Amino acid sequence: MSWDRRKFLKAAGVGALAGMGWQLLRPGALDAAELIGKYSPNPSQLAVKPGGNWGMAIDLTKLDDAARQAAAEACNIEHNVPHYVDAEGKASKQDIKWIWEAEFDQAFVETENPYAPSAVLHNKVLVLCNHCQNPPCVRVCPTQATFKREDGIVMMDMHRCIGCRFCMAACPYGSRSFNFKDPRAAYFNEKDPKTGQPRLQEVTSEYPTRTKGVVEKCTFCAERLAVGLQPACVAAAPGVMFFGDMSDAGSPVRAQLNKRFSIRRKPNLGTEPQVFYLI
Ligand code: SF4
Ligand code: SF4
Ligand code: SF4
């Protein structure tokens, strides 16, 4: 990623939360009311509402290479997500993924409709944690390191995670990654397999880094929502990704779902994903 791109994303608000640390990710740990409105043009839409339920919609008819890349880069920069590559420069098996590309037929294995628009069937999709309403990952966690917040976000507390990986086995979407290596070391020590030189990754100091031996995943950008910002990926893909309160018929995400047909991943499992795909 170029420095210019990084500066642009920062100027757009990605990574603008100085010194907040993990406390923002714990329910009730911070008085968000003091911060809401500081960054948002419309804080009433994004303020955490008791009884609310955050959800996302991704328009597969508009999701092109540029939007996929912008969304993933924004998330990776914002959250210091390390990227491990194999000898061919492709993502290795130990890569950490919060949001990533997948083929349509891999993401929607139970959706057999050969007559769907080819722009959808033959396009890559973006996948992430679905923040399921009925999350199996939460049920199996022995330490409550993963838990469901009042606003629907399935959250992680890294300090409680013992690395047992029960949640990874329970998640039917592969939405969780385990830190086999120390990600902090990886920012500076991971070597580029082609050049043999250290592959430096710039670190967003405002967001906490993790340690070896814990699981991590998408948090629906809880730290940004707390100050009235859209999730980083949504902000980076305007008109393609939508976010808002599912219990509010006027929210951006509900407005899209009201007028478009949408599908969810593996609906038969009863997990009730809160990420919808517009087709
Ligand atoms: S997608 Fe997986 S990790 Fe996310 S809430 Fe659902 S079961 Fe849990
Ligand atoms: S790896 Fe961590 S988050 Fe996952 S089940 Fe074990 S303790 Fe819970
Ligand atoms: S909602 Fe936030 S944490 Fe989740 S994929 Fe998008 S940018 Fe990453």
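Values in this document were obtained by computation on a predicted structure and should not be read as measured data.

### Comments concerning the overall build of the chain
Summing up its helical and strand segments, the chain has 11 helices and 10 strands in all. Approximately 13000 Å² of the chain is accessible, and the part contributed by carbon and sulfur atoms is 52%.

### Focus on the pattern of salt bridges
Under the counting rule described, the total for this entry stands at 11 salt bridges. Across the salt bridge formed by E272 and R264, the nearest N and O atoms sit 3.2 Å from each other. E272 sits in the partly exposed class, given a relative accessible area of 33%. Taken together, the salt bridges that share partners define one network made up of D65, R68, E101 and K124.

### Topic: the packing of aromatic side chains
For the coordinates displayed, the defined rule picks out 6 aromatic pairs. For the pair W54 and F243, a centre-to-centre distance of 5.4 Å together with 25 degrees between the ring planes defines the contact as stacked. With W54 in strand β1 (residues 54-59) and F243 in strand β8 (residues 241-245), this residue pair connects regions lying 189 residues apart in the sequence. A relative accessible area of 3% means that W54 is categorised as buried. Aromatic pair F108 and Y277: ring centres 5.0 Å apart, planes at 85 degrees, arrangement edge-to-face. Of the two residues, F108 sits in the loop between α4 (104-107) and α5 (118-121) while Y277 sits in strand β10 (residues 275-278), which places them 169 residues apart along the sequence.

### Remarks on the site of ligand 1
Close contacts around ligand 1 come from 14 residues, with C129, C132, C137, C171 and R176 the closest. Residue composition of the shell around ligand 1, grouped by class: 9 nonpolar, 3 polar and 2 charged.

### Some points on the nonpolar core
One recurring pattern in soluble globular proteins: nonpolar side chains tend to sit buried together. Judged by nonpolar contacts, the single largest core of 43 residues is most densely connected at M56, I58, L60, L128, F220, M241 and Y277. In contact with M241, not counting residues within four places along its chain, are M56, A57, I58, A71, I99, L126, C233 and V234. Within the second largest apolar cluster, 11 residues are counted, among which are C141, V154, F178 and V214.

### Focus: the site of ligand 2
Near ligand 2 there are 13 residues, and of these C141, C161, C164, R165 and C167 occur at the shortest range. Among the residues forming the shell around ligand 2, the class breakdown is 10 nonpolar, 2 polar and 1 charged.

### As for the sheet that holds β10
The sheet built from 4 strands is open, its strands ordered β8-β1-β10-β9 with mixed pairing. This sheet does not close on itself; its edge strands, each paired only once, are β8 and β9 (262-263). Running over the sheet, helix α11 (residues 252-259) touches β1, β8, β9 and β10 and is turned about 115 degrees from β8.

### Looking at the pairing of β10
Across the two faces of β10 the burial is the same, with V275 and Y277 and F276 and L278 all buried. Where β1 and β10 come together, 4 bridges link them in parallel fashion. Each bridged residue has a counterpart across the sheet, and for I58 the counterpart in β10 is Y277. Here β9 runs beside β10; their pairing, made up of 2 bridges, is antiparallel. Bridge pairing links I263 to Y277 in β10.

### Regarding helix α3 (residues 65-79)
Given a rise of 1.5 Å per residue, 15 residues ought to cover 21 Å, and the 21 Å separating the end C-alpha atoms of α3 matches this to within 8%. For α3, a buried count of 11 out of 15 residues is recorded, marking the element as mostly surrounded by other parts of the structure. Listed in full, the buried residues belonging to α3 are A67, R68, A70, A71, A72, E73, A74, C75, I77, E78 and H79. Where α3 ends, the next residue or the one after it, N80, has phi of about 55 degrees, a positive value.

### Things to note about the environment of Q69
Along the chain, the position of Q69 falls in helix α3. Residue classification places Q69 among the partly exposed positions, given a relative accessible area of 48%. Separated by 164 residues in the primary sequence, Q69 and C233 have C-alpha atoms spaced 9.6 Å apart.

Reading the values: rules and limits
- Residues numbered from 1 in each chain as written.
- Chains lettered and ligands numbered in written order.
- Predicted model: local features only at pLDDT ≥ 70, side-chain atom pairs only at ≥ 80, totals over all residues.
- Heavy atoms only, no water.
- Helix = DSSP H or I, 4+ residues; strand = E, 2+ residues; numbered from the N terminus.
- Areas by Shrake-Rupley, 256 points an atom, 1.4 Å probe, with all protein chains shown as cover.
- Salt bridge = Lys/Arg side-chain N within 4 Å of Asp/Glu carboxyl O.
- Buried < 20%, exposed > 50% of the residue type's maximum accessible area, 1.4 Å probe, protein only.
- Phe/Tyr/Trp six-rings, centres within 6.5 Å; stacked < 30°, edge-to-face > 60°.
- Near = heavy atom within 4 Å.
- Nonpolar A, V, L, I, M, F, W, Y, C, P; charged D, E, K, R; others polar.
- Core = buried A, V, L, I, M, F, W, Y, C linked by side-chain atoms within 4.5 Å.
- Contact = heavy atoms within 4.5 Å.
- Pairing = 2+ DSSP bridges.
- Axes fitted to C-alpha atoms, helices over the stretch in contact; angles between N-to-C directions.
- Expected span 1.5 Å × (residues − 1).

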